[in-house]
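What follows is each chain in one-letter form.
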Amino acid sequence: MTTSSSSRRALLTDAQLSRLAPTHPLRAGGTDDSPLIRAMVGDRPEHPPVWFMRQAGRSLPEYRQAREGTNMLESCLTPSLAAEITLQPVRRHGVDAAIFFSDIVVPLKIAGLDVDIVPGRGPVMGSPYRTMREIEALPEIPDAAFDPIREAVSLTVDQLGSTPLIGFAGAPFTVAAYMAEGGSSRDHLGPRTMMHRDPEAWEALATWVARVSGQFLAAQVEAGASAVQLFDSWAGSLPERDYRAHVLAHSAAALGAVEKYGIPRVHFGTGTGELLGAMKEAGGDVVGVDYRVDLDEASRRVGPETPLQGNIDPAMLDAGWEVLQKHTTDVLSKGRAAAAHIVNLGHGVPPSTDPTVLTRLVEFIHES
Ligand code: CP3
């Protein structure tokens, strides 16, 4: 069923949109009529919208060139560079959305914490945050500290026109996992033990992260993002009972920080097949599904009225065109079980991906 323009406007309510600046792309830039936003509010536009998680990054030679000599976090906090890198995959692939070039640990850097992103390893903290004393000492971040983010977003949306920018933040569990662990880990034993050994300290840490991720989202939305995505990349390590008892409310708080603006919110996790129902309850308008669960099954788990995003297996990108085409056709077909479908990968673009394959894939999806 196709939603008419007027009922679409009813979903993006005028009362909510009026909280955005009159020049915001959703009010003045035409992004409300873009295929991405239409699908996110439950419509089926002429062609399925498609974008890729990690579409900006090492798979693009122009990214590697732009980044030369500048470290990752410094790049994120240099507005002209962050805007340029955000635009690169839109120009090259003709995707239906830009995703803001930044990182889930950028708010920690803005807060003045000792954090770095080490190539091949990911985020690394100077020291872990596990005890109540360490967590109580975490600072409040003044909203003005997010000005470099606002500036980068606003430079980006000026050049994007009617193509929407998706803002994002890390979900409390995923960001707190790096903080509790002091860096990356496979099993996330640090945060998973902490929530049982010292539930009050865990609660305080997750509350702090939910607030800064919420501030990060709000800064992007106020400066021009037309949608947001909350990334809970490591939530799949949790049993559902722990997700419900120690995580769900914090993810709800982060998503709640931008609810008043009425913009569509995507809630995405990896390895979260067993948590899809609980993640839907935490909030968000669209559920992002990784490559492990077929979209028709995911739709059964969250309810057919929820638009889904996903879930081409990144492993297929280098498996040969015919294989990728067949797999994509299957993803599109299973996506019809949901009210609407935003095509994406089931996780980020691997750095080794041939970018010409992505461009061809966008064309194929647009012709479907
Ligand atoms: O195109 C996009 O998706 C844009 C921006 C983006 C980045 N990181 C840029 C980035 C987004 C949305 C993220 C989110 C992010 N960061 C997540 C959640 C999504 C996911 O992938 O599950 C996580 C877990 C992180 C933490 C992080 N940052 C990791 C694990 C790494 C990779 C480290 C490595 O070298 O393998 C980073 C670094 C990072 N973030 C890069 C990019 C483009 C690579 C930096 C480089 O060029 O070396």
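Enquirer: Hey, could you run me through the site of the ligand in this one?
Expert: Residues in close proximity to the ligand total 25 residues, the closest being Arg54, Tyr63, Gly120, Ser233 and His347. In this structure, Arg54 approaches the ligand through a main-chain N or O atom, which is 2.6 Å from an oxygen atom. Within the side chain of Asp103, an N or O atom sits 2.7 Å from a nitrogen atom of the ligand. Taking a 2 Å distance to the grid points as the criterion, the majority of the atoms of the ligand fall inside the largest pocket. The residue inventory of the shell around the ligand, partitioned by class, reads 15 nonpolar, six polar and four charged.

Enquirer: Any chance you could explain the layout of surface pockets here in plain terms?
Expert: Each pocket or cavity is described by its volume, and for the largest pocket that value is around 1,200 Å³. Lining the largest pocket are 41 residues, with Arg54, Arg58, Met72, Asp103 and Ile117 sitting closest to its centre. Of all elements in the fold, only α5 (61-67), β2 (115-118), β3 (122-125) and α11 (172-181) reach the threshold of two or more residues within the lining of the largest pocket. If you tally residues by element for the lining of the largest pocket, the top one is α5, at three residues.

Enquirer: Would you explain the packing of aromatic side chains in this entry?
Expert: With the rule as written, the count across this model stands at eight aromatic pairs. When the centroid spacing of 5.6 Å and the interplanar angle of 85 degrees are considered together, the rings of Phe168 and Phe231 count as edge-to-face. Of this pair, Phe168 sits in strand β4 (residues 165-170) while Phe231 is found in strand β5 (residues 227-232), placing the two residues 63 residues apart along the sequence. Residue classification places Phe168 among the buried positions, given a relative accessible area of 5%.

Enquirer: What am I meant to see in the packing of α11 against helix α13 (residues 199-223) here?
Expert: Packed helix pairs are specified by the crossing angle of their axes together with the interaxial distance, meaning the distance between the axes. Running from N to C, α11 and α13 cross one another at 120 degrees; their axes reach a closest spacing of 9 Å. If you check the angle between α11 and α13, you find them oblique. Classified by chirality, the crossing of α13 by α11 is right-handed. Note on element contacts: α13 touches α11 through Trp202, Leu205, Ala206, Trp208, Val209, Ala210 and Ser213, opposite Pro172, Phe173, Val175, Ala176, Met179 and Ala180. Partitioning the contact of α11 with α13 into residue classes produces twelve nonpolar, one polar and no charged.

Enquirer: Could you clarify how one ought to interpret the environment of His196 in this entry?
Expert: Here His196 lies in helix α12 (residues 189-197). With 50 residues separating them along the chain, His196 and His246 place their C-alpha atoms 9.2 Å apart. Ignoring sequence-local partners within four residues, the contact set of His196 consists of Asp242 and His246. A polar contact is formed between the side chain of His196 and the side chain of Asp242, at a distance of 3.0 Å.

Enquirer: Could you clarify how one ought to interpret the sheet that holds β5 in this entry?
Expert: Pairing between the strands of a sheet comes from backbone hydrogen bonds, and it takes one of two forms, parallel or antiparallel. Ordered by their spatial adjacency, seven strands build an open sheet running β1-β4-β5-β6-β7-β8-β9, and the pairing between neighbours is parallel. Where the open sheet ends on each side, the last strands, each with one partner, are β1 (98-99) and β9 (341-345). Pairing of β5 with strand β6 (residues 265-269) involves five bridges; the strand directions are parallel. Residue pairing in the sheet places Phe231 in a bridge with Phe268 of β6. Here α13 sits on the sheet and contacts β4 and β5; the angle it forms with β4, its principal contact strand, is near 170 degrees. Its contacts with the sheet put helix α18 (residues 321-335) on β8 (308-312) and β9, and the angle it makes with β8 is roughly 160 degrees.

Enquirer: Whenever I open this one, the confidence of the model for the chain confuses me. Can you help?
Expert: Do not read the fine detail of predicted coordinates wherever pLDDT is low. Looking at the chain, the pLDDT average stands at 95 and 97% of residues meet or exceed 70. Segment residues 1-7 is flagged for pLDDT under 50; beyond a separation of four residues in sequence, or across chains, it makes four contacts in the model.

Enquirer: Whenever I open this one, the side chain of Thr270 confuses me. Can you help?
Expert: Tracing the chain through its elements places Thr270 in the loop between β6 and α16 (276-282). At 2.6 Å, the side chain of Thr270 and the backbone oxygen of Ser233 are in polar contact. Thr270 has contacts with Asp232, Ser233, Gly236, Asp290, Arg292, Gly346 and His347, leaving out every residue within four places of it along the chain.

Reading the values: the criteria
- Residues numbered from 1 in each chain as written.
- Predicted model: local features only at pLDDT ≥ 70, side-chain atom pairs only at ≥ 80, totals over all residues.
- Heavy atoms only, no water.
- Near = heavy atom within 4 Å.
- Polar contact = N/O pair within 3.5 Å; in protein donor to acceptor, adjacent residues only side chain to side chain.
- 1 Å grid on protein atoms, 1.4 Å probe; cavity = no way out; pocket = protein on both sides within 12 Å on 5 of 7 lines; lining within 4 Å.
- Sits in = over half its atoms within 2 Å of the grid points.
- Nonpolar A, V, L, I, M, F, W, Y, C, P; charged D, E, K, R; others polar.
- Points joined across faces, edges and corners; volume = space filled by probe spheres on them.
- Helix = DSSP H or I, 4+ residues; strand = E, 2+ residues; numbered from the N terminus.
- Phe/Tyr/Trp six-rings, centres within 6.5 Å; stacked < 30°, edge-to-face > 60°.
- Buried < 20%, exposed > 50% of the residue type's maximum accessible area, 1.4 Å probe, protein only.
- Axes fitted to C-alpha atoms, helices over the stretch in contact; angles between N-to-C directions.
- Parallel < 35°, antiparallel > 145°, perpendicular 65-115°, else oblique.
- Left-handed = near helix turned anticlockwise from the far one by under 90°.
- Contact = heavy atoms within 4.5 Å.
- Pairing = 2+ DSSP bridges.
- pLDDT = per-residue confidence, 0-100.

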